[in-house]
Amino acid sequence: MKYIDEFRDGDLARQIGARIAAEAHPDRSYSFMEFCGGHTHAISRYGVLELLPPNVRMIHGPGCPVCVLPIGRIDLAIRLALERGAIVCTYGDTMRVPASDSLSLIKAKARGGDIRMVYSAADAMAIARANPQREVVFFAIGFETTTPPTALAIRDAAREGLANFSVLCCHVLTPSAITHILESPEVRQLGTVPIDGFIGPAHVSIVIGSAPYDHFAEEYRKPVVIAGFEPLDVMQAILMLVRQVNEGRAHVENEFTRAVTPEGNLKAQALVSEVFELRPSFEWRGLGEVPYSALKIRESFAAFDAERRFDLNYTPVADNKACECGAILRGVKKPTDCKIFGTVCTPENPVGSCMVSSEGACAAHYTYGRFRDIPIVVTTATEEATP
Amino acid sequence: MKYIDEFRDGDLARQIGARIAAEAHPDRSYSFMEFCGGHTHAISRYGVLELLPPNVRMIHGPGCPVCVLPIGRIDLAIRLALERGAIVCTYGDTMRVPASDSLSLIKAKARGGDIRMVYSAADAMAIARANPQREVVFFAIGFETTTPPTALAIRDAAREGLANFSVLCCHVLTPSAITHILESPEVRQLGTVPIDGFIGPAHVSIVIGSAPYDHFAEEYRKPVVIAGFEPLDVMQAILMLVRQVNEGRAHVENEFTRAVTPEGNLKAQALVSEVFELRPSFEWRGLGEVPYSALKIRESFAAFDAERRFDLNYTPVADNKACECGAILRGVKKPTDCKIFGTVCTPENPVGSCMVSSEGACAAHYTYGRFRDIPIVVTTATEEATP
Amino acid sequence: MCLAIPALLVELRPNDQAVVNLGGIRKEISIALVADVQVGDYVIVHVGHAIGVIDPEEAERTLALFAEMAQLAPNPAPVVPA
Amino acid sequence: MCLAIPALLVELRPNDQAVVNLGGIRKEISIALVADVQVGDYVIVHVGHAIGVIDPEEAERTLALFAEMAQLAPNPAPVVPA
Amino acid sequence: MKKNYIRPLDIKHGRIDMSHGAGGKAAAQLIEELFLAAFDNEFLRQGDDGAVLTLPAFDPAQGRLVMATDGHVISPLFFPGGDIGCLSVHGTVNDVAMSGAKPLYLSASFIIEEGFPLIELQRIVKSMAAASREAGVPVVTGDTKVVEQGKGDGVFISTTGVGVLPPGVQISGRNARPGDVLLLSGSIGDHGVAVLSQRESLAFETTIQSDTAALHTLVAAMLAAAPGAVRVLRDPTRGGLATTLNEVARQSGVGMLLQEAAIPVKPQVDAACELLGLDPLYVANEGKLIAVVAPEFADAVLDAMRAHPLGFDAARIGEVTADPHHFVQMATRFGGRRVVDWLSGEQLPRIC
Amino acid sequence: MKKNYIRPLDIKHGRIDMSHGAGGKAAAQLIEELFLAAFDNEFLRQGDDGAVLTLPAFDPAQGRLVMATDGHVISPLFFPGGDIGCLSVHGTVNDVAMSGAKPLYLSASFIIEEGFPLIELQRIVKSMAAASREAGVPVVTGDTKVVEQGKGDGVFISTTGVGVLPPGVQISGRNARPGDVLLLSGSIGDHGVAVLSQRESLAFETTIQSDTAALHTLVAAMLAAAPGAVRVLRDPTRGGLATTLNEVARQSGVGMLLQEAAIPVKPQVDAACELLGLDPLYVANEGKLIAVVAPEFADAVLDAMRAHPLGFDAARIGEVTADPHHFVQMATRFGGRRVVDWLSGEQLPRIC
Ligand code: SF4
Ligand code: SF4
Ligand SMILES: [Mg+2]
Ligand SMILES: [Mg+2]
Ligand SMILES: [Mg+2]
Ligand SMILES: [Mg+2]
Ligand SMILES: [Mg+2]
Ligand SMILES: [Mg+2]
Ligand SMILES: [Mg+2]
Ligand SMILES: [Mg+2]
Ligand SMILES: [Mg+2]
Ligand SMILES: [Mg+2]
């Protein structure tokens, strides 16, 4: 596949890895946060860590829309299905996120909720058209990448007068989350989380452009490299970050120029501001209430806002006490710091949200990387079969 | 079972049979019509015919509510289910009656119609309560016996305000049908159907009493014996008819005094007249339009009348050309006179309605009696195993 | 037509409901359509409703009539080979 | 986050729809969110919508940069036993 | 076998309706014109509940393999006297046993509806395990699938059984001959009435329990009592005694004459049938068998049946006759005679 | 076998959800804690796709009986390259073949939804008959049930197969040893992608067809190539290659190391997975097998596979390792290494 395969070349990767090793000062360590789950996933799935020198450490950030979705929001969607009889449409990602009462959307479905997995917001509209006598709610999650398709669905529903369709909007904003992390006491004051730089979002940046990150580089003196989600993009971004650190620079650099421009996708941005406005505050799992970090549906599209339509009241729900998702999402802890990682909390029975999406820090480590926690005993055929 | 088993005694039956043989004049023949399918069923199932002398012949009458239901009425019920999305509740008997387009209620169900078999009109009301968002129509068939429970359901639905419940009323009246037969050219003028007397309905008479039959005996000079549905009741009634004929009498006699009084069930009658009124005319399968032969729901209960509620228009549909049901129901022909009896028309694939209910003349003969049409070759164990 | 069966009324219940016993099975039915039925009556049940009541004396009378008839008759031979 | 993939736009359809080809599979997507895309463009597809377009020259430039990097690096040993 | 269907299936426009699963003539026609037509082979053509097979590596003189399968789709899943779990063991063990074989192993395929409570699943599985232990026929392999809510009905269980048919045993629905005696192992209609009593709209109280039981030890006792005497064995399940006898009559090309007075029916079963307008001859059984037996050994086999706990009510209910029309006839208790035909369509409660 | 489930099933409150049928860890746990616990016997404990059985009357030295069953519940019923009919033959023939046995006979249990068009049923049954003829494995017995509309999903087909295992063949998921070689018979993910392409909400156009096929002749060729060399055979169906290898690793108490670059995946399968966020390692196959083979005979077996029409893309994809954690690991094409874990829950298309 063009523009994909070229960016997964293992030979090139090893060579960039060697370059990183060569340029990283052996007497210091480098900690970079990849904000996006997309990068986390690429790092785990392709085994990028093994190509990095030991003094370059990656911290998983909160950039997974499933991981930051608070329990109370899933509860709202479940109640719409179980108590209000609505057809709740949602992306496959949210189906297994643990909610209150040991439920999740998939378990609520098993309890009779009419919950349907869709591939796109347009599919939810099609379901609404096919079931005119039922309320159909699209449970919309995602960062800036996923927001424009939702905005389009709402605008089209309004044009078409699709009276039984509404959206439970949980769209959140990347820059506010990064600010929040940089403002967190651990990062800003205590220095417990030494973040030397950020790998900036790939697909979010296609929509919002690279300009919004300039602020961090200037205000917080942290280098940012926007990078694609292919493993070579990640390697290259790490190299670029190492160089900025070595040179004492703190700029926004763009490794993903093939898709990201400074201003982003203006058409999509215009549609998003037509339909959505900022929420004064929104709860993120792990980060708590984050001001101006999410979107809500504008008054002019109120008829399509499930929160208004069903008069929903958001009730925050505390995470499981043992769960360290919050600290992990802020980069303060690693998955293996959680006492229940891999024992009580596994992808089959996730306790925290980081164990749900394969982009979640805990799931990525469990699924792809947990052999690293264990002494490796590999006897290969070559060793055993040849004397 | 008390009041049942005593009336099925085979020894007594043979003795009454012998009595009939003794009293019937060998030089004349006796033709009696059992109006009711209940009697037809008893005659077939218990093998009553074999206990009768050859010169006593039974003619099956039109007293099976399923058999007289015209195609167009079933079509209405099917359309309510398939085109109007209603839940159609009905007694099991009507499920297989052939309708237009090779359909029947059971086939319409297989095509997605929400058609439910109920045991009682009250069950249809329970379905309406459980599905408040759906229209629930009770497809009501039956003679005077079955009408009071329907009347009760309508009155209770009105009291309770069960807004999504209605009744497609197909209740018909016994005396009008008997009159119609007696007025038919074959019986009245041409003498092709020599009816020497009637066995009068059992359970219909519990409700309407024996008085309504006096008219026939007087007006048409035909003896009537109201009889229970057990085989001994039937045998006894035949004996009583033979005696009336022999004595030249034409009275209404009551063999079923244990359940039938002259005035009938007044409470049930009152409820029926509260809810229903006479239809000026109604189509019977086999008999055509019969004046004042059926009931419709009164204006005061119009909200529960499916015909008004769904603005239904009855369209008569011609029976299959080969089908002789009409003539059979009027007593003019026997099932075996129909060219397609037992070949194209069988209980699995009924062409006419008489082949549907086990009370139908054709079904009763096919299911229980068709061995009589065929030379019997019975080799029993006794014959073969003993030398 | 009109399948109906005499069953012993064994219990009266609220809202014109009652329980009948038929050969050992019990079933709740409606008695809204009959006047003055009592426990001990044999009601005639059709589509879940009592539509009439058996008069025990008349039943006896009918059975007696059959017996009488039987006296008059010669003893016939069975129809079917045994 | 935000699974998205570059795919070749092969056909424009009415109502802002288009067909992309990705490694031999064809899928209808919406192009309502992008301005001025053409057959032959590699659009970036997310949840059934094109959200951006690949700039082929920039892609070349990035690949050239990788190659350059590779020149600088010594040849490393594979990590996993073969 | 004589084609019994005047009108062929309308494959082009027809749809499956409930009658195709009711075990009567519509079901038989579907199997013959659609399934048999496609799969046609000597084993299916046997037309029995189980197929008698030879295994290439083994000497057929030492025995043959018997294989039978049944899908179980009952509603409600739990009923007086049993549940779908034990039923799914008995149903297939019996089909193997009806060939005269000793059932040895079972497989089980579960199709479970999303949302089904695990505690009910466990209850079913435990009941199945108990039935399998009691029968001495272990479940040796299985499969589990889950379907979305609204695409299943709690649990469906398809079981397949294999067993070994000892040399010399020749039992098949094709073997009935005029003069043979019809034996029935006990009262009919218990299972069907127990299940109907639980149907919401019919609900009645009864002490009748399903007769569900594994019949292979009864079969073994019968075969031991008079080797070679038993010609046909069949369990009258869906469609009841009437349908099963019609199947055999058709397979063997014979008629039958039943004695109504000899057929055991429990009073409550009789009563339930009167109330609902059903005929006990068509009501399902799950722990009864009919046997067609050579007349000279009928008493010996009947005695063996009566000595077995599952056959103490066994009765001689009639005889096989020569009849080119393959009618099953019945001398009624009342003194008349009538045809006892195939079940047509589903047996539905009726008002008239 | 090591208990792999940290939390036991919550039988009291739990309900079946779709993940219990997806062939991953939840499914494995359900089978172990609920089904195995109840049916416990030596045959089920083998944990293989089919059970290896002895028949009392026959000499086990001449062979043993193998029995396997599978329920088929696929939606849509017709998909590029096949339908539920041929699938239900292949799925069970393959499970018998994976024991090394020659499949001989099939049974079929149909559960049909009221309203299902006869013409589609006939198409399915004909496809099944063709598959059975082609495989030389006749359907010898069957059963048909009809369920009400809304209580089924068109047609479900449970098939059971029996076959004979020649003396000396010892194939089981428990037999993998460190140093053994992993062979795969061809490209993965074709079946799953062909089926997904038909799902209304995902609909995409592809020329990929389901790989559904009967693998017993391929197995026979492999066994003939190097008698005794093949230790494990398994068809990676639900849950895909990843789940199947994890099952074997757990059964045998070993680890595995795969070479990503060696695993054949067709470009369109790769593309569909990229688009939907799936991993081809977890996508279902219906005409592929994996073999664990003694290293010294790996090339001989591989050559035999490649000489067979169903194995021409066969590849050596990795090795069995000693690993107390029974990890299946993979050296990525990119040059790193990762765990290839069980499928958890259903594999759902995702946005992130
Ligand atoms: S392992 Fe589970 S509980 Fe622990 S931090 Fe991760 S998601 Fe939360
Ligand atoms: S046999 Fe069929 S077609 Fe002929 S009269 Fe009777 S019901 Fe009508
Ligand atoms: Mg069977
Ligand atoms: Mg069976
Ligand atoms: Mg399986
Ligand atoms: Mg259901
Ligand atoms: Mg059977
Ligand atoms: Mg299997
Ligand atoms: Mg299989
Ligand atoms: Mg069967
Ligand atoms: Mg369905
Ligand atoms: Mg398998």
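Residues numbered from 1 in each chain as written. Chains lettered and ligands numbered in written order. Predicted model: local features only at pLDDT ≥ 70, side-chain atom pairs only at ≥ 80, totals over all residues. Heavy atoms only, no water.

**Student:** Before we move on, could you go through the relation of the copies chain F and chain E and cite the residues and values that matter?
**Tutor:** Laying chain F over chain E is done by rotating through 180 degrees and shifting 0.0 Å along the axis; what remains is an RMSD of 0.0 Å. Both chain copies can therefore be described as sitting about a two-fold axis. Rotation axis and chain F: the residue whose C-alpha lies nearest the axis is Gly152 of chain F, separated from it by 2.2 Å. Mapped onto chain E, 100% of the interface residues of chain F are again interface residues, and the two copies thus contact each other with one and the same surface. (Least-squares fit on C-alpha atoms with pLDDT ≥ 70 in both. Contact = heavy atoms within 4.5 Å.)

**Student:** Would you mind going over the interface of chain F and chain E in detail, with residue names and values included?
**Tutor:** Listed per partner, the contact involves 85 residues of chain F and 85 residues of chain E. Counting the surface lost from both chain F and chain E, the interface buries some 7400 Å², and carbon and sulfur atoms represent 71% of this. It is Ile16, Phe58 and Leu118 of chain F that lose the most area in chain F upon contact with chain E, and together they represent 10% of the buried surface on that side. Taken together, the links from chain F to chain E amount to four salt bridges. A salt bridge links Arg238 of chain F to Asp143 of chain E; its shortest N-O distance comes to 3.4 Å. The tally of links between chain F and chain E comes to 29 residue pairs in polar contact (both at pLDDT 80 or more). Taken together, the elements giving at least two residues each to the side of chain F that touches chain E come down to helix 1 (25-39), strand 1 (50-53), strand 2 (64-72), strand 5 (102-113), helix 3 (118-135), strand 6 (139-147) and strand 7 (155-165) of chain F. (Buried area = accessible area lost by both parts, 1.4 Å probe. Salt bridge = Lys/Arg side-chain N within 4 Å of Asp/Glu carboxyl O. Polar contact = N/O pair within 3.5 Å; in protein donor to acceptor, adjacent residues only side chain to side chain. Helix = DSSP H or I, 4+ residues; strand = E, 2+ residues; numbered from the N terminus.)

**Student:** I'd like to hear about the interface of chain A and chain E, residue by residue, with values.
**Tutor:** Taken together, the contact pairs five residues of chain A with four residues of chain E. Carbon and sulfur atoms make up 31% of the area that chain A and chain E hide from each other, which totals about 320 Å². Per-residue buried area on chain A facing chain E is highest for Lys109, Ala110 and Gly112 of chain A; these three make up 96% of the total on that side. The interface formed by chain A and chain E includes two salt bridges. Among the ionic pairs, Glu148 of chain E bridges to Lys109 of chain A, the shortest N-O distance being 2.7 Å. On inspection of chain A and its partner chain E, the count reaches four residue pairs in polar contact (both at pLDDT 80 or more). Of the residues belonging to the side of chain A that touches chain E, the class tally is two nonpolar, one polar and two charged. (Nonpolar A, V, L, I, M, F, W, Y, C, P; charged D, E, K, R; others polar.)

**Student:** Can you lay out the sheet that holds strand 3 (residues 87-91) of chain B for me, pointing to particular residues and giving the numbers?
**Tutor:** Residue and element names in this part refer to chain B. Spatially, 4-3-5-6 is the arrangement adopted by the four strands of the open sheet, whose pairing is parallel. Only two strands of the sheet have a single partner each, and these edge strands are strand 4 (115-118) and strand 6 (165-171). The mean inter-strand angle of the sheet, taken between neighbouring strand axes irrespective of direction, is 25 degrees. Where strand 3 lies against strand 5 (residues 136-142), four bridges are found, and the strand directions are parallel. The residue bridging Val88 from the neighbouring strand is Val137, located in strand 5. Sitting on the sheet, helix 3 (residues 71-82) is in contact with strand 3, strand 4, strand 5 and strand 6, with an inclination near 165 degrees to strand 6. Strands strand 3, strand 4, strand 5 and strand 6 of the sheet are contacted by helix 5 (residues 121-130), whose axis makes an angle of about 175 degrees with strand 5. (Pairing = 2+ DSSP bridges. Axes fitted to C-alpha atoms, helices over the stretch in contact; angles between N-to-C directions.)

**Student:** Would you mind going over the sheet that holds strand 7 (residues 197-200) of chain A in detail, with residue names and values included?
**Tutor:** The strands making up a sheet associate through backbone hydrogen bonding, with each pair oriented either parallel or antiparallel. Residue and element names in this part refer to chain A. Taken together, the five strands give an open sheet; going across it, the order is 2-1-7-8-9, and neighbouring strands pair in parallel fashion. Looking at which strands have only one partner, the edges of the open sheet turn out to be strand 2 (56-63) and strand 9 (252-254). In this sheet, adjacent strand axes meet at a mean angle of 25 degrees when their direction is disregarded. In this structure, strand 8 (residues 224-226) lies alongside strand 9, joined through three bridges in parallel fashion. The partner of Val224 across the bridge, within strand 9, is Val252.

**Student:** I'd like a rundown of helix 8 (residues 298-306) of chain E, residues and numbers included.
**Tutor:** Residue and element names in this part refer to chain E. Every buried residue belonging to helix 8 is among Ala298, Val301, Leu302, Ala304 and Met305, and all of these are buried. One side of helix 8 holds all its buried residues, which, seen down the axis, span an arc of 160 degrees. On the buried face of helix 8, the contacting elements are strand 8 (181-184), helix 5 (216-225), strand 9 (230-234), strand 11 (290-293) and strand 12 (315-321). (Buried < 20%, exposed > 50% of the residue type's maximum accessible area, 1.4 Å probe, protein only. Arc of directions from axis to C-beta.)

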